[in-house]
Each structure stands twice: as C-alpha cells, then as structure tokens.
Amino acid sequence: MPRAVGAAALALATCIGALCAVPTAATAAAPPPGGEATIASPPSTSEPNLILRGAGKGVLLSDRYTRGSLSWWSTDGRQIPAECGVLAWLGDEVACDGTELKIRDYATGATESVPRRENRAWAAALSPTQVLAHEKDADGRYVLHLLGRANEPRKDVPVTGAGALGSYAVLASDARGALVEYWGAGPEGKHRHGLLDYATATLKELPEVPGGGATYNHVGLGAKWIAMVRSNEAVMVSRTDPAVVRTVPIGTYPERVLPVGDWLIADTGDRDDPVVTAYPIDGGAPRPVLERLDGQLVLGADGGAYGLSTIKGSTRWAVHRISADAQGALRVQEALAVPPRPADRRSIAIAQGDLSALHVDNTEFVLGYRTSVAGPPSITEAPVWRCERSASDPLCPEAAGRFGGNAATGDGRIVGMSADTAGCSTPCSVTVHIRDARTGGSQRTVKLPGALRNPGIVSSSGRYLLVGAETEGVPRKLVLDIDAGKVLDVKPAPAAGLWGSLLWQPEGDKGVVAATDLRTGQVVRHVDLGSACRPYELQANGDWFYSTCAADGAGAAAYHVPTRRRIPLPFVAERPLGQVRLGDGYVVQDDAGLNLYNLRSRQPVKEYQVQQYVAGYGLDWSVDRFGGRPAHLDQGETIHVVGVTGAASPLGVIDQNVPGTLDAKTAGSRQARWWLSKPVASWRLTARNKASGITTVVRSGGETRGAIDLVWDGKDQAGRVVMNGAYEWTLLAVPADGQGARLKATGPVTLTGARPPAGRGRP
C-alpha cells in the first residue's frame, strides 16, 4: 500500500477544460537549522489514489485509502472537502448524516437541512426534491419513505409497490429514481431488484433472471435503460416502459456496466487486455471506449457515464465522460485531468552522499541520486543511475529490497537480501545481493550458510557486512567479506558494531569495547564507553559510539572518543519502536516519528523532528554514516536530505588493501584500495624511493566518494616506468566538506617486475 494515504489527494492538481487547480499543501515544519534538500518521486503510470464517486458541474472524488475523505473538484479550480459524515451524493450535492440531514450544493454554495422525522432513518439516496428514508414496522421489516426537501410540499410519502422489506440496499440513483436490491419479508422472501420512481413513490419490480432461481451479478442505472447482467449477457429494461426489454450478448463477464443512450458500457477487460467496450443495445458491432478503468462507472447528472481511466494510446489517467449525441453516436471526452501520483518508494539508502531508492510502479526499479557533501544540502534533480527489473536484469531491485533491510556500503555499492521463502519466519535459505551503484553496474550474490530465521542487515562498511539472524532459536551475527564472497570465520557477540575493517564488541561487563581487525583477526584497540555496563546494543562510527545497557533500551548514550565524553540520550530506545542509528556526531531515533539529536556540541540537541512519521521498519529512512546526512521519505514519497550543523569528524582511512610487494608484471598484485571515512575533493598518491629519496607522483584524482581504487602498473602518472625497489607510499587527500585537516596516510611497498627501457626509468 502506498505511503500516501490521507495526503494523496493533496498531492494532486486538477484540470477541467483549460482551468487548473493546485491544492494547498499541508503546513510544513520549520526548516532544519542545517538546511534541507528534497527530491520528488517520478510520476507513476499506475492508477491514482482516488475513487470517483459522482459527477455534476464538478466531480466528486474520495481518497482510496481513507475512503470517507470526499472532496468536490470544480471547473474554476476549487477543491472543497466534505467535512462531515457523507451519506449520499447527487451531481454536485452532498448529503451529510446527523440528527438532521445537511445538504450542500458545491456548485452553487446553497445549503439546506432536512429534519429527521420520528422513527425514520436516512438511506443513501436523494433527489432534487426528496430524500430516501426508512422505518421499521412492528415485525422489524423495512418500509421506505420519501421525505420532502425544502422545495417539496410532500414531506413524508410512503413508498408503495413492494410492501415491507426484509432487507434492502440502494445500488445506484439519479435525480429521477433509485435502483434498489431487496429481499422480501419472511423466510421465503424473494431476492429482487426494483426501480424506485421518486415522482410516483413506487418501487417497481424488475424482470427476474431468465430461468429463475438466481439474481443478477451486476446492475447499472442509466438515464434511459437499466442493465442487469447475468454471466455473459445483459438484460436491458427501459426506464420509461419496463415492458420493453432487450438482451445484449457481451461475450465476456463484465466487472462493471452502465447504460449510456442506446449503448451498454461494459468493463469486460482483464489484466492483459483491460479495455472498456460499448455494446449497441439494438445490435451491431461493439467498440472500445476506454483503455483502462479504475473503480466504478458513475452516472453523471447529465446522463453520461464517467470513469477514472486512460484512453487508447496514452498512459495518462483522467476522468473521462462517455455520452451519446443527438444522433446516438458515442463521444468520449476528458472531463478532469488527474496529474499522476508519485511512484511508490519502498526503501532508501545513503552513504558518502550517494543515495539510492527502490521504486515500485508497474515494475520495480532503483534510481540513484547524488547529494552535496559540502555547504547546504542539495540533490540532483535527475537520477545519475538506474536499473530496472527486466528479463536481462531480473535481480535489479534485490540489492535495494525491503526483505532483511538494505544498506549502502560507502564504496559505491548497495546490498540487500532475498530468501527462498517469504519472510523467513521459518528457517530458510538467504542470499545477499551486492550491486555496483551505477547504470549497468555488476551484481553478485553471496549465499549465507545454513537455515536462518529473521535475517537482517545490521551494518555495512566497505567490503564488510554485518548480518543478524537466528539459528535454532539462538540469535547470532555473521560477518561477510563481500569482495571475497564468503562469511568470515569470526563469531561476533550479540552486540557488535562495524566500522571499516574494525569489528567492535563488548569486552567484559564494565562498558569496555574491543576492536578486532577483520584483516588479521587481532584485537587492536580498546575503548571504555563509561557506561559501567555490558552493551546490549552497540554501534560504531569513527570516533563515535552508541550503546544501550538493556533490552528495554535503558541507558542509551553516545560516546566521543577524542574528548572521552559520554553523552546520555533523552529517550529509551526500546524495539521495535525506538530504533536508533548513529551518524557522524548525531543519532536519529525512530519512535513513530523521527528525531535527530545533534551531538557535536557534546550535548544532545534535538535539531530536527518529523511527527506522525509512517514507519517503514527501518527502511523509510537512512543515515549516511560516512560524514554525511540523514535522509527520509515523507507520506508523499518525497525524499528529504537533512543537514546537520557543526563540524564533522576528520577525514581518515578506515580500511585498506595495499600489497606489500607489487609485481608490475602480475595483474592480480597491482591492485590497491583505500576506503575513506568521508568524500574527498582531491587526492594524490606518491612513492618515495627509499634508496634515492626521490618521490614520484603515482596517480592523482579529483572528487572521490568512498574508496580510492587504482592499479599501479609500475609507471608514474606521466606513463614513465619506475625503477624496481623499496618505496614508501603516501596518500594525501583533501576533505570535500572542507572540515578538518587533509589526510596523510603512509606505508611501505616493494616494486618488482618493472622493466624500463635500457638507460631509462625513474628511480
């Protein structure tokens, strides 16, 4: 179900003829101190989130998911909600239930009230002069009445013709009468359809199904004919003379029918061929009139049939009017243009300023956007990459899917999960999908070992992925090396945090955590979080940690390593609500709303809040762990990227894969990669020959997000061969956000296999 429930109609602009109206947006919250950037979802080709109810000079529409939120859309650009308990409508008039029936004509603005009479209850039908009601007799049977409106001298007229009813329902009505389905009183009461004529206050029984013994599947009230469908044919009864009956073969069982002039409009299409067809009542060839119809066909005040639909050759949705001219020929016209609703966004992930979003429309597709990493937040209007589920790319959306969560790795990849059974509430086989976040990007999979329950992505950082699951009822965590395509031989504690190549886990029960280098398996660092408890939940992000002390979320706090400052947080982070994610100097809490607490002043300052947020199990919002900003979806499928005030952490290398010996002749040994804690504006790699002291520029580059990845073939940046020997490499990089010192990382490397021309080569 789309996230846009009550807000869907507010997102629409409407046009009738040449006049358009844009609904007033809901009052927005104050802009966040750090600024905000938004990107709307692309337009959907699916049906709008609206239901067509009635048509007069304007059109009555209700929201698909709230149903009661009826609004009147006018030709002069007005959109007026019916703020009442709507009982019935007729053309532009809406009747609201209450101790008295309040009727408003939205075209003229006229209002009136019809007092409720003793022992009378309103029914769902009205005419320009009367309102249908009923009373119950001493035996509990229904007796219909027509109660006069202000311009009708007959204030209470009993309906004759069918006697007391065991039960009834109004199926359709117009200004002249109502189509009623009813059951006779008593155990043997027959099931019938009848036409209630307002002028004579009589309920006339309509013909039975040929052969008897059953009732009609569908009925439709037109200005001239009544259509009653049984199986694949329609019995047409004249409204002026019920003795005049026609039978129209349809051929295919219709979902909806409505007579217009001497035509029967029937929705006989299916998913593969969703065509609405017009059948001549007096015989002749049928003709298509609408391509796709969403919802019912509505009899307008002018006698035409209205439908929320598309027409052949177009995917654009609109309210179309089908009418018959004086010669009986059909005409199809657009009565109300309905701008497309936004495509449903199911999940988002952001890392290093690169954002991906899974969209679901008639197909599933992933769009990638690039956000700014310096200055106020901004986001590209057009996606910078996309993939779409297709025969040639069937796994496109899996790396961004909802099952088990999804994440961006911070080095230009996204990861997600799939399972061989839905949900994995029972043990199942789980596959991790890794995709390069670019158009035409490669995709690979890693199969998790064993049968798992309730798997989910806990954290990702570069080449490592931390996954949680249950095995035989016992919670466990796994660490994947997605470059190597395998699960590492480590057994993380129930509380574990991942940052770069370091896996942080509790050590003892006094608040100390230890970092294991996943490249070597060695414990390389300890930090005392100052909590005096063993962390129940643990997250790591550079110099920042987040932890709780108990399953109920008690003791939620952040810790800043350089200042040795523990920062208690003003909430209890109890699952499933209360989910918290740690960014660079801030946390975002999901507690039926989103709360952003800025920690960069060493105090928790609530800097941003989204109230009445529609939670998406952690997938409708995301935190850029790599010096970046949080992002979330709103009810209208718009992505918000929210700035955070204060200084981000310094730039650093959080993982690296640099060979100790580089053989220029062997391709596999020439690869070097450095994973970065945040984007850089520029970088340069140099190599200093330890024997000669001469420094060579190996490579340099501009803005880079995530990882510096290069192949050193034994040549410098100008293409000149470098002499074999022992070197010290130095990586210099400038942070793209302008915050903190430039990066300087060094290490040894021995170059072999370089073959300069005789007498040439750089030492």
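Residues numbered from 1 in each chain as written. Predicted model: local features only at pLDDT ≥ 70, side-chain atom pairs only at ≥ 80, totals over all residues. Heavy atoms only, no water.

1. Regarding the overall build of the protein chain
Along the protein chain, the regular secondary structure elements total zero helices and 66 strands. Computed over C-alpha atoms, the radius of gyration of the protein chain comes to 35 Å, more than 25% over the 27 Å expected from 2.2 N^0.38 for 763 residues, which places it beyond the range of a compact globule. Taking the principal axes of its C-alpha atoms as reference, the protein chain extends roughly 110 × 60 × 50 Å. Residue burial in the protein chain is summarised as follows: out of 763 residues, 52% are buried. (Helix = DSSP H or I, 4+ residues; strand = E, 2+ residues; numbered from the N terminus. Rg over C-alpha atoms; globule rule 2.2 N^0.38 Å. Buried < 20%, exposed > 50% of the residue type's maximum accessible area, 1.4 Å probe, protein only.)

2. Side note on the pairing of strand β24 (residues 257–260)
Burial along β24 is two-sided: the face carrying Val 257 and Pro 259 and the face carrying Leu 258 and Val 260 are both buried. Of the pairings in the sheet, the one linking β24 to strand β25 (residues 263–267) comprises four bridges and is antiparallel in character. Directly across from Pro 259, in β25, lies its bridge partner Leu 264. (Pairing = 2+ DSSP bridges.)

3. Description of the confidence of the model for the protein chain
Per-residue confidence for the protein chain gives a mean pLDDT of 89, with 91% of residues at or over 70. Considering only residues more than four positions removed or in separate chains, one finds that residues 4–28, a stretch of pLDDT under 50, has 57 contacts. (pLDDT = per-residue confidence, 0-100. Contact = heavy atoms within 4.5 Å.)

4. Details of the packing of aromatic side chains
Applying the stated criterion across every chain yields a total of seven aromatic pairs. Look at Tyr 142 and Tyr 168: their rings are 5.6 Å apart centre to centre, the planes differ by 75°, and that puts the pair in the edge-to-face class. Taken as a pair, Tyr 142 in strand β14 (residues 142–148) and Tyr 168 in strand β16 (residues 165–173) lie far apart in primary sequence, 26 residues in all. Look at Trp 499 and Phe 626: their rings are 5.4 Å apart centre to centre, the planes differ by 25°, and that puts the pair in the stacked class. (Phe/Tyr/Trp six-rings, centres within 6.5 Å; stacked < 30°, edge-to-face > 60°.)

5. What about the nonpolar core?
In terms of nonpolar packing, the biggest core is built from 28 residues, with Val 366, Trp 504, Val 527 and Phe 545 touching the most fellow members. Every element with two or more residues in this core is listed here: β32 (344–351), β35 (385–388), β45 (502–506), β46 (512–517) and β48 (537–541). Ignoring any residue separated from it by four or fewer positions in sequence, one finds Trp 504 in contact with Ala 495, Ala 496, Gly 497, Val 513, Ala 514, Ala 515, Arg 525, His 526, Val 527, Leu 538, Ala 540 and Phe 545. Grouped together as the second largest cluster of nonpolar side chains are 25 residues, Ala 672, Leu 685, Ala 687 and Val 722 included. (Core = buried A, V, L, I, M, F, W, Y, C linked by side-chain atoms within 4.5 Å.)

6. A few points about the sheet that holds strand β33 (residues 354–360)
The antiparallel open sheet is built from four strands, whose spatial order is β32-β33-β34-β35. The sheet is open, and its two edges are formed by β32 and β35, each paired on a single side. Taking the axes of each pair of neighbouring strands and ignoring which way they run, one obtains an average angle of 15° across the sheet. Relative to β33, β32 runs antiparallel, the two being bridged by seven bridges. Following the sheet pairing, Ile 350 is matched in β33 by Leu 355. (Axes fitted to C-alpha atoms, helices over the stretch in contact; angles between N-to-C directions.)

7. Some points on the sheet that holds β48
Taken together, the four strands give an open sheet; going across it, the order is β48-β49-β50-β51, and neighbouring strands pair in antiparallel fashion. Strands with a single pairing partner mark the edges of an open sheet, and in this sheet they are β48 and β51 (565–568). Ignoring which end each strand starts from, the neighbouring axes of this sheet average 20° apart. One ladder, built from four bridges, connects strand β50 (residues 557–560) with β51; its direction is antiparallel.

8. With respect to the state of the cysteines
Evaluation of the coordinates by the stated rule reveals three disulfides. The partner cysteine of Cys 84 in its disulfide is Cys 96, sulfur to sulfur 1.7 Å. Around the S-S axis, the bridge from Cys 84 to Cys 96 shows a dihedral of about -45° and counts as left-handed. Of the two residues, Cys 84 is situated in the loop between β7 (79–81) and β8 (86–90) and Cys 96 in strand β9 (residues 93–96); the sequence distance between them amounts to twelve residues. Given the relative accessible area of 12%, Cys 96 is considered buried. Residue pairing for Cys 387: its cysteine sulfur links by disulfide to Cys 396, the two sulfurs lying 2.1 Å apart. (Disulfide = S-S within 2.5 Å.)

9. What to know about unusual backbone geometry
Phi is positive for Asn 119, close to 65°, though the residue is something other than glycine. Among the structural elements, Asn 119 can be located in the loop between β11 (111–115) and β12 (121–126). We classify Asn 119 as exposed; its relative accessible area is 59%.

10. A few points about the environment of Gly 553
Mapped onto the secondary structure, Gly 553 falls in the loop between β49 (544–548) and β50. The class for Gly 553 is buried, based on a relative accessible area of 1%. What Gly 553 contacts, discounting residues up to four positions off in sequence, is Thr 548, Val 572, Ala 573 and Glu 574.

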